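Spelled out from the first residue to the last, the chains are:
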Amino acid sequence: TAREMALYLWDEVLPRLTREVRASCGIPGFDVPVEGRELTELIHGRGINCRYLGRLADLAKDEERRDAKVREVIEGVSVSSTAGGTSASLPDSFPRFRMPPCWLDLIECEIAARAAKHVLSSYFEEAGGALGAVNPARIVANFLSALVSTAEEGAADTERRLGDQENSGDDGDLVDMLADLWGNANGDNDPSSSRSHADVWSDIANEAGRRYCYTLSFYGPNEEGKPHERAMYGPLLRRVCQRSGIRLVANKYVFGEKCLVGSASGAPSYPIAQSDILDILPLVKNAASLGPETFVPASSTNNTGSSSLHLLLPDTNQVFDLARSKLHAKEYDHAIICANEAANLFQRVTDTPLHPKIISCMKILAVAHAQRHEVDVAAEYAAKYLTFTVQYHGFDSSEAVDAHTTLSDILQSGQGRYERGSKHCRASQFINEFLGGRNNSGLGLGYFQLGTQYIQLGRLEDALACLKVSSDRWHGDFMIDCLVDRQTA
């Protein structure tokens with residue numbers, strides 16, 4: 001029955017996924033998601049709907065409390081869990097692997113982002129819809145300013161901040177002030193103008209509780225006005241903009257401090273102003289072809305061109321799948337031939353290399369040539385893989401992290417290329433922390449590997465700095481702690 005299926009999902013599937021995440025350091029091929037899109041793909045692949053994110057967060061908190069008790073015994077000190085909630089029983093034996101805190105950080109960030117998207121949509125509906133609102137950028141700027149802040153400025157705080165900007169010669173807020181005055185003059189008295197920071201976060205918290213049966217622990221207003229140590233405002237802002245079609249101007253925004261929203265004095269919203277809202281784009285949740293998959297061009301007449309140019313998508317995919325299987329079978333010559341053929345077939349239709357499977361072909365070619373010890377050719381294909389990935393997915397994507405890592409590994413396999421390889425290794429670390437916060441599961445191990453590389457280069461000061469950062473970051477495996485201490489010594 002439906003009830004039995006729901007209980008099986010609640011009692012079996014969700015705890016099993018949590019256990020897999022906990023043991024992710026010891027499971028080959030299982031990587032903890034870095035950002036919200038990967039998280040959604042992971043749970044959908046397990047048949048789990050996003051409405052169960054709250055249950056996954058509660059299970060993660062239980063595992064973190066279990067680790068905290070183990071840490072109390074090991075360190076001999078009292079360590080309080082930041083997750084809160086009910087207590088967990090002390091395990092009979094100490095587990096080797098620990099629950100990655102980035103799992104709870106990512107789940108709560110995704111819950112907040114999804115709830116925030118629905119709240120923003122409701123604000124537009126109250127203002128007459130996205131097309132009916134006189135000044136939609138003002139609604140978005142006020143909302144995003146409250147989203148990335150912990151409290152609201154008082155009059156003295158605003159006057160002090162504007163005075164500092166005036167003394168520094170920054171006139172950027174003049175445009176925003178004129179835009180706000182123009183909106184008021186045109187009768188744009190939308191409800192968002194009177195909503196405070198607390199009102200916005202109250203709406204988001206209510207939406208999260210209604211949709212996910214979960215109470216946010218890391219986000220929202222607090223009495224001290226300081227951000228929670230595990231709040232990820234950058235990834236949260238990025239995810240809300242992704243899901244709402246909002247494009248922001250590249251700027252240095254202030255996160256986790258006081259904001260200004262709904263000001264009646266004409267002062268622009270802060271830290272995100274109207275002029276920072278570049279565009280609001282319509283989004284399509286999904287799209288699918290009604291007919292069989294093919295590359296045959298569409299035409300209103302029966303003339304669709306020469307049949308010799310028609311490519312069947314299943315045939316092209318078959319060549320691509322063959323390239324991947326040959327790579328896994330370590331038949332590198334055949335993998336190179338099939339990957340080149342698949343890339344050529346896809347590009348005949350797209351007229352551009354910016355296609356996901358063409359990008360995958362570049363990675364297959366890079367890895368296959370590297371396994372044949374053809375480092376120069378492998379580095380060339382790895383550079384193409386990185387270039388196409390950044391152009392297609394953006395620099396702030398998990399795909400870009402993988403591309404930087406691939407190029408780094410290939411460059412370091414050749415003589416005299418450690419410096420170039422270390423550069424891409426540092427880039428992957430930066431993007432990982434940007435996407436998943438400082439608790440990202442791969443950061444500690446990544447800095448350890450980077451420190452090991454600097455030891456090989458003889459740059460001991462840089463190696464010591466990387467190892468110190470690694471010791472301060474989370475490691476899922478107790479053995480990594482021992483290796484870091486040994487290398488540091």
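Residues numbered from 1 in each chain as written. Predicted model: local features only at pLDDT ≥ 70, side-chain atom pairs only at ≥ 80, totals over all residues. Heavy atoms only, no water.

## So, the environment of Tyr219
(1) Moving on: Positionally, Tyr219 belongs in the loop between helix H8 (197–212) and helix H9 (233–244).
(2) Moving on: In this structure Tyr219 comes out as buried when scored by relative accessible area, which is 7%.
(3) Moving on: As a C-alpha pair, Tyr219 and Arg230 span 11 residues in sequence and 8.9 Å in three-dimensional space.
(4) Moving on: Aside from chain neighbours lying at most four places away, what touches Tyr219 is Glu108, Cys109, Ala112, Trp201, Ala231, Met232, Tyr233 and Leu236.
(5) Moving on: Looking at Tyr219, its side chain comes within polar contact range of the main-chain nitrogen of Met232, at 3.1 Å. (Helix = DSSP H or I, 4+ residues; strand = E, 2+ residues; numbered from the N terminus. Buried < 20%, exposed > 50% of the residue type's maximum accessible area, 1.4 Å probe, protein only. Contact = heavy atoms within 4.5 Å. Polar contact = N/O pair within 3.5 Å; in protein donor to acceptor, adjacent residues only side chain to side chain.)

## Quick notes on the packing of helix H16 (residues 443–457) against helix H17 (residues 460–472)
(1) Moving on: Look at H16 against H17: their axes get within 8 Å of each other, and the N-to-C directions meet at 165°. In terms of axis orientation, H16 runs roughly antiparallel to H17. As for how H16 packs across H17, the hand of that crossing is left-handed. Facing H16, whose interface residues are Gly444, Tyr447, Phe448, Leu450, Gly451, Tyr454 and Ile455, H17 presents Leu460, Asp462, Ala463, Cys466, Leu467, Val469 and Ser470.
(2) Moving on: Of the residues in the contact of H16 with H17, the class split is 10 nonpolar, three polar and one charged. (Axes fitted to C-alpha atoms, helices over the stretch in contact; angles between N-to-C directions. Parallel < 35°, antiparallel > 145°, perpendicular 65-115°, else oblique. Left-handed = near helix turned anticlockwise from the far one by under 90°. Nonpolar A, V, L, I, M, F, W, Y, C, P; charged D, E, K, R; others polar.)

## Points about helix H5 (residues 136–147)
(1) Moving on: The terminal C-alpha atoms of H5 lie 17 Å apart, and with 12 residues this matches the ideal 16 Å at 1.5 Å per residue to within 8%.
(2) Moving on: Within H5, 11 of the 12 residues are buried, which leaves the element mostly enclosed by the surrounding structure. (Expected span 1.5 Å × (residues − 1).)

## Remarks on the confidence of the model for the protein
Reading predicted coordinates in detail is not appropriate for stretches of low pLDDT.
(1) Moving on: Summary statistics for the protein give a mean pLDDT of 81 and a share of 79% for residues scoring 70 or more.
(2) Moving on: Note on residues 77–83: pLDDT under 50 across the span, and 16 contacts to partners over four residues away in sequence or across chains.
(3) Moving on: Taken together, the stretch residues 86–91 has pLDDT below 50 and engages in 11 contacts with residues farther than four places along the chain or on a different chain. (pLDDT = per-residue confidence, 0-100.)

## Describing the pattern of salt bridges
(1) Moving on: In total, this model carries 27 salt bridges according to the counting rule given.
(2) Moving on: Two residues, Asp105 and Arg230, come together in a salt bridge whose shortest N-O distance is 2.8 Å. Residue Asp105 is located in helix H4 (residues 101–126), and its partner Arg230 is located in the loop between H8 and H9; the two are separated by 125 residues in the primary sequence. Summarising the burial analysis for this pair, Asp105 and Arg230 share the class buried. (Salt bridge = Lys/Arg side-chain N within 4 Å of Asp/Glu carboxyl O.)

## As for H17
(1) Moving on: Helix length check: H17 (13 residues) gives 18 Å between terminal C-alpha atoms against 18 Å at 1.5 Å per residue, within 8%.
(2) Moving on: The complete set of buried residues in H17 reads Ala463, Cys466, Leu467 and Ser470. Down the axis of H17, the sector holding all buried residues measures 100°, keeping them to one side. Of the residues in H17, the exposed ones pointing more than 90 degrees away from the buried face are Glu461, Lys468 and Asp472. (Arc of directions from axis to C-beta.)

## Details of the state of the cysteines
(1) Moving on: Taken as a whole and judged by the stated rule, the model has zero disulfides.
(2) Moving on: Cysteine Cys338 shares no disulfide, and the gap to the nearest cysteine sulfur, in Cys361, comes to 9.8 Å.
(3) Moving on: The exposure class assigned to Cys338 is buried, which follows from its relative accessible area of 13%. (Disulfide = S-S within 2.5 Å.)

## Description of the packing of aromatic side chains
(1) Moving on: This model, assessed by the stated rule, comprises five aromatic pairs.
(2) Moving on: With a centroid separation of 5.8 Å and an interplanar angle of 85°, the aromatic rings of Tyr123 and Phe143 are classed as edge-to-face. Note that Tyr123 is positioned in helix H4 and Phe143 in helix H5, a separation of 20 residues in sequence. You'll find Tyr123 and Phe143 in the same group, each marked buried.
(3) Moving on: Taken together, the aromatic side chains of Trp201, Tyr219 and Tyr233 make up a single cluster linked through ring pairs.
(4) Moving on: One Lys or Arg, Arg161, reaches over the ring of Tyr270 and ends 3.9 Å from the middle of that ring.
(5) Moving on: Just above the ring of Tyr123 sits the side chain of Arg195; from NZ or CZ to the centre is 3.7 Å. (Phe/Tyr/Trp six-rings, centres within 6.5 Å; stacked < 30°, edge-to-face > 60°. Lys NZ or Arg CZ within 6 Å of the ring centre and 35° of its normal.)

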